[in-house]
Amino acid sequence: MRIAALPLVLFSLFSATALAQSLTVEEARVRAVPPGSPTTAAFMALTNPGETDLALVGGSSPLAGSLELHNHVMVDGVMQMRQVETIPVPAGETVRLAPGGWHLMLFELARIPVEGESVELTLTLDNGETLTVEAPVKRVQPMEMQDDGQHGSH
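Residues numbered from 1 in each chain as written. Predicted model: local features only at pLDDT ≥ 70, side-chain atom pairs only at ≥ 80, totals over all residues. Heavy atoms only, no water.

### Observations concerning the overall build of the protein
Threshold: Each helix corresponds to a stretch of at least 4 residues labelled H or I by DSSP, and each strand to a stretch of at least 2 residues labelled E; elements are numbered beginning at the N terminus. Burial here depends on accessible area, computed with a 1.4 Å probe over protein chains only, as a share of the maximum for the residue type. Under 20% is buried, over 50% is exposed, and the range in between is partly exposed. Should any heavy atoms of two residues lie within 4.5 Å, those residues are considered in contact. Where accessible areas are quoted, they stem from the Shrake-Rupley method and a 1.4 Å probe; at the residue level, only the protein chains shown are allowed to cover.
Broken down by element type, the protein carries 1 helix and 10 strands. Split into buried and exposed, the 154 residues of the protein put 35% on the buried side. Looking at the protein alone, contacts between residues at least 24 apart form 67% of all its contacts between residues at least 6 apart. For the protein, the computed accessible surface area is about 8800 Å², with 57% contributed by carbon and sulfur atoms.

In structure tokens, the structure reads:
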């Protein structure tokens, strides 16, 4: 009887592992900002190695009173930042959160993040999973990550 239960136990362990690794986060960083700034932004590369489309639907950080998902869109020839409900991460693809594109905005900062320290970010996916990452605070140039795939780690 015990041998018959073994495949079920192994399947359960495999399923939990697959769910826990549904999205990988690389190159996470929080923008260093001047004293007095009420907001900052976070950038990263989200990779979905699975076969099911996922989406980032929210997040939080102890550094911020609120965290929102944002994108930049061109409206009548002017680039504007807009809050979005989701950031899609299609199966088998990498989505870059970068200046001038998708990014996370951190509002109501508890304090100004200091360059070199790490900020905890908790990301919430549409499948209910949460991922916690440590993002170093760095100076981020406006177009630095747009072509980041062509360069080594910054």
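Read on for the rest.
### What about the pairing of strand β9 (residues 118–125)?
Residues in a regular strand project their side chains so that they alternate between the two faces of the sheet. Note the threshold: Strand pairing is assigned whenever DSSP identifies at least 2 bridges connecting the two strands.
Looking at chain direction, strand β3 (residues 54–60) and β9 are connected through 4 bridges and run antiparallel. Paired with Leu56 across the two strands is Leu125, which belongs to β9. Strand direction decides the pairing type here: β9 and strand β10 (residues 130–138), joined by 7 bridges, are antiparallel. Bridge pairing in β10 places Thr122 opposite Thr132. Hairpin connection from β9 to β10: 4 residues lie between these consecutive antiparallel strands, with Gly128 at a positive phi of about 95°.

### Regarding the side chain of Arg29
The test is simple: The term polar contact refers here to a pair of N or O atoms within 3.5 Å; inside protein, the definition further demands a hydrogen-donor-capable atom paired with an acceptor-capable atom, and it admits residues adjacent in sequence only when both atoms are side-chain atoms.
You can see Arg29 is positioned in strand β1 (residues 24–31). A distance of 3.3 Å separates a polar atom in the side chain of Arg29 from the backbone oxygen of Glu27.

### Some remarks on unusual backbone geometry
The residue Asp76 is not glycine, and still its phi comes out positive at about 50°. If you trace the backbone, Asp76 turns up in the loop between β4 (64–75) and β5 (78–83). Residue classification places Asp76 among the exposed positions, given a relative accessible area of 80%.

### So, the pattern of salt bridges
We apply this condition: For this analysis, a salt bridge means a side-chain nitrogen from Lys or Arg found within 4 Å of a carboxyl oxygen belonging to Asp or Glu.
Applying the stated rule across the entire model yields 3 salt bridges. We note a salt bridge from Arg96 to Glu27, for which the minimum N-O separation is 3.0 Å. Of this pair, Arg96 sits in strand β7 (residues 94–97) while Glu27 is found in strand β1, placing the two residues 69 residues apart along the sequence. Given a relative accessible area of 24%, Glu27 falls into the partly exposed group. The partner of Glu117 in a salt bridge is Arg111, and the shortest N-O contact between them spans 2.9 Å. On the basis of relative accessibility, which here comes to 44%, the residue Arg111 falls in the partly exposed class.

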